[in-house]
2 protein chains.
Amino acid sequence: MNISIIGGGAVGLFFASQWSKDHCVTLWTRTDMQAEMIQRDGLYIFENGNENVQYIQSKKIGCQPLQADLIVVAVKQYNMKDVMGELTNAKSHSIMFIQNGMGHLDLLDKLPHHHIYTASVEHGLVKINGGTIQVNGRNKTNIGAFRGGTEEIIDHLQTDSFRFEWRENIHHMMIEKMAANAIINPLTAMLNVKNGQIAQNEHYRSIAKDLCREFASVFSYKSEEETFESVLSICKNTAYNESSMLKDVKEGRLTEIDAIVGVLVKEAEKKGCHVPLFRMIYNMIKGKENMPPLMSN
Amino acid sequence: MNISIIGGGAVGLFFASQWSKDHCVTLWTRTDMQAEMIQRDGLYIFENGNENVQYIQSKKIGCQPLQADLIVVAVKQYNMKDVMGELTNAKSHSIMFIQNGMGHLDLLDKLPHHHIYTASVEHGLVKINGGTIQVNGRNKTNIGAFRGGTEEIIDHLQTDSFRFEWRENIHHMMIEKMAANAIINPLTAMLNVKNGQIAQNEHYRSIAKDLCREFASVFSYKSEEETFESVLSICKNTAYNESSMLKDVKEGRLTEIDAIVGVLVKEAEKKGCHVPLFRMIYNMIKGKENMPPLMSN
């Protein structure tokens, strides 16, 4: 297949490396510099103490129209609007979106394409620099159809070491992912701790439980206990992982707080649910976004 | 007067320096080292670019029985229990307590002395080391009677540059102080910002407002708006100040969270008020207390 991946973050780089043997992959990046670096030096993957290089095609997004069998959109949700123009005009059989949160689903409605998938990634990935990632743990990618599309796509995409799982209900899939993101990401970012501490420290665990109660009151398809169990298990499985939001806060970058907790708070308002703790978490991170990096950490 | 001050923190050192000209002051410290250092080198006060030295008597607490016209207790609330034995046997006309929070009032009930005052300090003080403080701003000390005692004590204690104000209702006085401490201290400690940021950053201000709502629901003698106004005004007046709790968290020390927010949460439970935000703030700081200093910042 011809696969175009948009986004040079950890997920984009990882997917490009996994498909590069069986498919013709092009990675589209935001900057010329990253595209040139990857095109020239290849993509480095560190995993279990081993180093691997994959050579793939890489271009700056916008330098030519998109055309591929499958386009994978792996940019952060707050950058979705920047690529919508390219996507609307893209010639492609299928598009797959890998964003946290659910705020981008409205945007997908506007696309003309017949096959649109959404996915949620359960791999532990860290971007070291523009051409290097570290794989801290492989799990799977959940995928489902937003419009059109069938389970068969998985047969084309997965390999033994790069698994996909079909999900009939993409809303449930995304809500599950959102619970983890809405609780683990901002908490670790605020407290400046690795994921494992949320499960290990009794006081932090107690905060996570209170947040699960609020979360389950808004998205009630799983109970407070089920949500808490799933959040704890992710914290334990990714104990030594530094969440992406903690990294963003440390480096004074924009975070995904609007896409995740912002959307949750709005949904709560719509449904008349009270989520004072999420409001406070939202304001804590949002306040940090408005401060220069040196002050915020 | 013979005045004994217990506690070699910023408040103890400042009070000792202010009274040393007109009274016979003894400063009682927790360690031999600090007592010897002050006894030998004097007490250094930095203020408005000037340096001042005062020579006073300093001893380690417990090395001999306490006997004075006035004993001033300026230890942190969580150290109160350590000095209660000394105090119970102390021969003194009056005792004055300067602690944050209200948790120590139960302890005062057990003391046999006829004149017991409580006070709350509005000076901006920073301890530089065991024998040096910096005065960032002078305001006043509020004082009232817990048992016995009269307004006349102020005439003996105050000078032109070291003012006292009599308060008929010490509970109101302490609640006012508690509002500031329960909101500004943990918020600045969590967010790692100076006091001014709480007023300046719209997101942090919004958190402070929500906390004022919870505070006013528990201690209702002032409204949410009055509480918020007073908290904001303190943040602005002490804009460049780093709160004591932020300092404690940075250095991995015990904080006053139990004495302040812990007491508030318990009081809320007693009254059937919901204070989810204070519970979360409590758990955030409490969780940090249980972590090694290098991880917490």
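Owing to the predicted nature of the structure, the values given are computational and were not obtained by experimental measurement. (Residues numbered from 1 in each chain as written. Chains lettered and ligands numbered in written order. Predicted model: local features only at pLDDT ≥ 70, side-chain atom pairs only at ≥ 80, totals over all residues. Heavy atoms only, no water.)

A description of the relation of the copies chain A and chain B should follow, citing residues and the corresponding values.
When chain A is fitted to chain B, the residual RMSD is 0.0 Å, and the transformation amounts to a turn of 180 degrees plus an axial shift of 0.0 Å. On this basis, the relationship between the two copies can be described by a two-fold rotation axis. Residue Leu277 of chain A of chain A places its C-alpha closer to the rotation axis than any other residue of that unit, at 3.1 Å. Looking at the interface residues of chain A, 100% of them are also at the interface in chain B, so both copies use one shared face. (Least-squares fit on C-alpha atoms with pLDDT ≥ 70 in both. Contact = heavy atoms within 4.5 Å.)

Give me the sheet that holds strand β4 (residues 50-54) of chain B: which residues, what numbers.
All names here are of chain B. Ordered in space as β4-β3-β10-β9, the four strands form an open sheet in which the pairing is mixed. In this open sheet, the two strands that pair with only one neighbour each are β4 and β9 (124-129). Between one strand axis and the next, the sheet turns by 25 degrees as a mean value, whatever way the strands run. Across the sheet, helix α1 (residues 10-19) touches β3 (43-47), β4, β9 and β10 (132-137), and the angle it forms with β9 is around 100 degrees. (Pairing = 2+ DSSP bridges. Helix = DSSP H or I, 4+ residues; strand = E, 2+ residues; numbered from the N terminus. Axes fitted to C-alpha atoms, helices over the stretch in contact; angles between N-to-C directions.)

Quick rundown of the UniProt feature "domain: Ketopantoate reductase N-terminal" (unreviewed entry) in chain A? Include the residues and the values.
Under the present numbering, the feature "domain: Ketopantoate reductase N-terminal" (unreviewed entry) in UniProt falls on residues 3-147 of chain A. Regarding residues 3-147 of chain A, the helix share stands at 23% and the strand share at 44%, and the terminal C-alpha atoms are separated by 19 Å. (UniProt positions renumbered as here; feature names shortened; annotations may be inferred.)

Before we move on, can you summarise the interface of chain A and chain B with the specific residues and values?
When the parts come together, some accessible area is lost, and that loss is often what is quoted as the size of the interface. Contact with chain A, which involves 25 residues of that partner, is made by 25 residues of chain B. For the pairing of chain A and chain B, the buried interface totals around 2300 Å² over both sides, and the portion due to carbon and sulfur atoms is 65%. At the junction of chain A with chain B, the criterion picks out zero salt bridges. Elements that contribute at least two residues to the side of chain A that touches chain B include exactly α6 (170-191), α8 (202-218) and α12 (276-289) of chain A. When residues of the side of chain A that touches chain B are assigned to their parent elements, the largest contribution, nine residues, is made by α12 of chain A. In the side of chain A that touches chain B, the residues fall into 13 nonpolar, nine polar and three charged. (Buried area = accessible area lost by both parts, 1.4 Å probe. Salt bridge = Lys/Arg side-chain N within 4 Å of Asp/Glu carboxyl O. Nonpolar A, V, L, I, M, F, W, Y, C, P; charged D, E, K, R; others polar.)

Describe the state of the cysteines, listing the residues and the values that go with them.
Residue and element names in this part refer to chain A. Scanning all chains against the criterion turns up zero disulfides over all chains. In this structure Cys24 is a free cysteine whose sulfur lies 15 Å from that of Cys63, the closest cysteine sulfur available. According to the relative accessible area criterion, Cys24 is partly exposed, its value standing at 42%. (Disulfide = S-S within 2.5 Å. Buried < 20%, exposed > 50% of the residue type's maximum accessible area, 1.4 Å probe, protein only.)

I'd like to hear about the domain arrangement of chain A, residue by residue, with values.
All names here are of chain A. Domain boundaries assigned for chain A yield domain 1 (2-168) and domain 2 (172-290). The gap between the C-alpha centroids of domain 1 and domain 2 is 25 Å. Every contact between the two is made by 20 residues of domain 1 and, on the other side, 18 residues of domain 2. Of the roughly 1600 Å² buried between domain 1 and domain 2 on both sides combined, carbon and sulfur atoms contribute 59%. A per-residue breakdown of the area domain 1 buries against domain 2 is headed by Tyr78, Asn100 and Met102, which together make up 38% of the total. Linking domain 1 with domain 2 are two salt bridges. Of the charged contacts, one joins Arg167 and Glu176 as a salt bridge, the two residues approaching to 3.1 Å between their closest N and O atoms. Run the count over domain 1 and domain 2 and you get six residue pairs in polar contact (both at pLDDT 80 or more). (Domains from an automatic or database assignment. Polar contact = N/O pair within 3.5 Å; in protein donor to acceptor, adjacent residues only side chain to side chain.)

So, the UniProt feature "domain: Ketopantoate reductase C-terminal" (unreviewed entry) in chain A: which residues are in play, and what are the values?
Taking the numbering used here, the UniProt-annotated feature "domain: Ketopantoate reductase C-terminal" (unreviewed entry) corresponds to residues 169-289 of chain A. Spanning residues 169-289 of chain A, this segment combines 79% helix with 0% strand, and its end C-alpha atoms are found 33 Å apart.

Describe the environment of Ile133 of chain A, and please don't skip the residues or the numbers.
All names here are of chain A. Inspection of the secondary structure assignment puts Ile133 in strand β10 (residues 132-137). Overall, the relative accessible area of 1% leaves Ile133 in the buried class. In sequence terms Ile133 and Arg205 are 72 residues apart; their C-alpha atoms lie 30 Å from each other. Apart from the residues lying within four places of it in its own chain, the contact partners of Ile133 are Ala10, Leu13, Phe14, Tyr44, Ile45, Phe46, Val126, Lys127 and Ile128.

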